[in-house]
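# Structural characterization, general
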Amino acid sequence: MKREYKYMILNRSLKTKLDVNHYYRVEISSLSGLDTKYRVVATKSFNKNNPTALIDACNWLKEMTNTYG
């Protein structure tokens, strides 16, 4: 059965009682067979306060691309 994958790096904000946290979220979704919606296979978040967050997100996405194809 053929699987189709979708890879995304999203800009997100999470509001807490004390502050607003900004982060990158990397998400891998798959569509398989009779599915009508993409289902999330893996996700990971990287805090934007870290200066290497975008580089880390891209590296993790590269690893997942190699894993899932």
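Please refer to the structure placed before this passage.
A brief look at the structure comes next.

Evaluated as defined, the whole model comprises 1 aromatic pair. With a centroid separation of 6.4 Å and an interplanar angle of 25°, the aromatic rings of tyrosine 5 and tyrosine 7 are classed as stacked. Note on tyrosine 7: relative accessible area 27%, which makes it partly exposed. A cation over an aromatic ring shows up here: lysine 6 above the ring of tyrosine 38, its NZ or CZ 4.2 Å from the ring centre. Taking NZ or CZ as reference, lysine 48 lies 4.8 Å from the ring centre of tyrosine 24, over its face.

By secondary structure assignment, the location of asparagine 11 is in strand β1 (residues 3-15). Given the relative accessible area of 52%, asparagine 11 is considered exposed. Through-space distance from the C-alpha of asparagine 11 to that of glycine 33 is 30 Å; in sequence the pair is 22 residues apart. Those residues within four positions of asparagine 11 in sequence are excluded, and the remaining contacts are Tyr23, Tyr24 and Lys48. A polar atom in the side chain of asparagine 11 sits 2.5 Å from the side chain of lysine 48.

Within the fold, serine 29 resides in strand β2 (residues 20-32). Ignoring any residue separated from it by four or fewer positions in sequence, one finds serine 29 in contact with Glu4, Tyr5, Lys6, Tyr38, Arg39, Val40 and Val41.

Moving residue by residue along a regular strand, the side chains alternate between the two faces of the sheet. Bridge count for β1 against β2 is 13 bridges, and the pairing is antiparallel. Bridge assignment links lysine 6 to a residue of β2, and that residue is serine 29. Between β1 and β2, which follow one another and run antiparallel, lie 4 residues.

The rules behind each value
Residues numbered from 1 in each chain as written. Predicted model: local features only at pLDDT ≥ 70, side-chain atom pairs only at ≥ 80, totals over all residues. Heavy atoms only, no water. Phe/Tyr/Trp six-rings, centres within 6.5 Å; stacked < 30°, edge-to-face > 60°. Buried < 20%, exposed > 50% of the residue type's maximum accessible area, 1.4 Å probe, protein only. Lys NZ or Arg CZ within 6 Å of the ring centre and 35° of its normal. Helix = DSSP H or I, 4+ residues; strand = E, 2+ residues; numbered from the N terminus. Contact = heavy atoms within 4.5 Å. Polar contact = N/O pair within 3.5 Å; in protein donor to acceptor, adjacent residues only side chain to side chain. Pairing = 2+ DSSP bridges.

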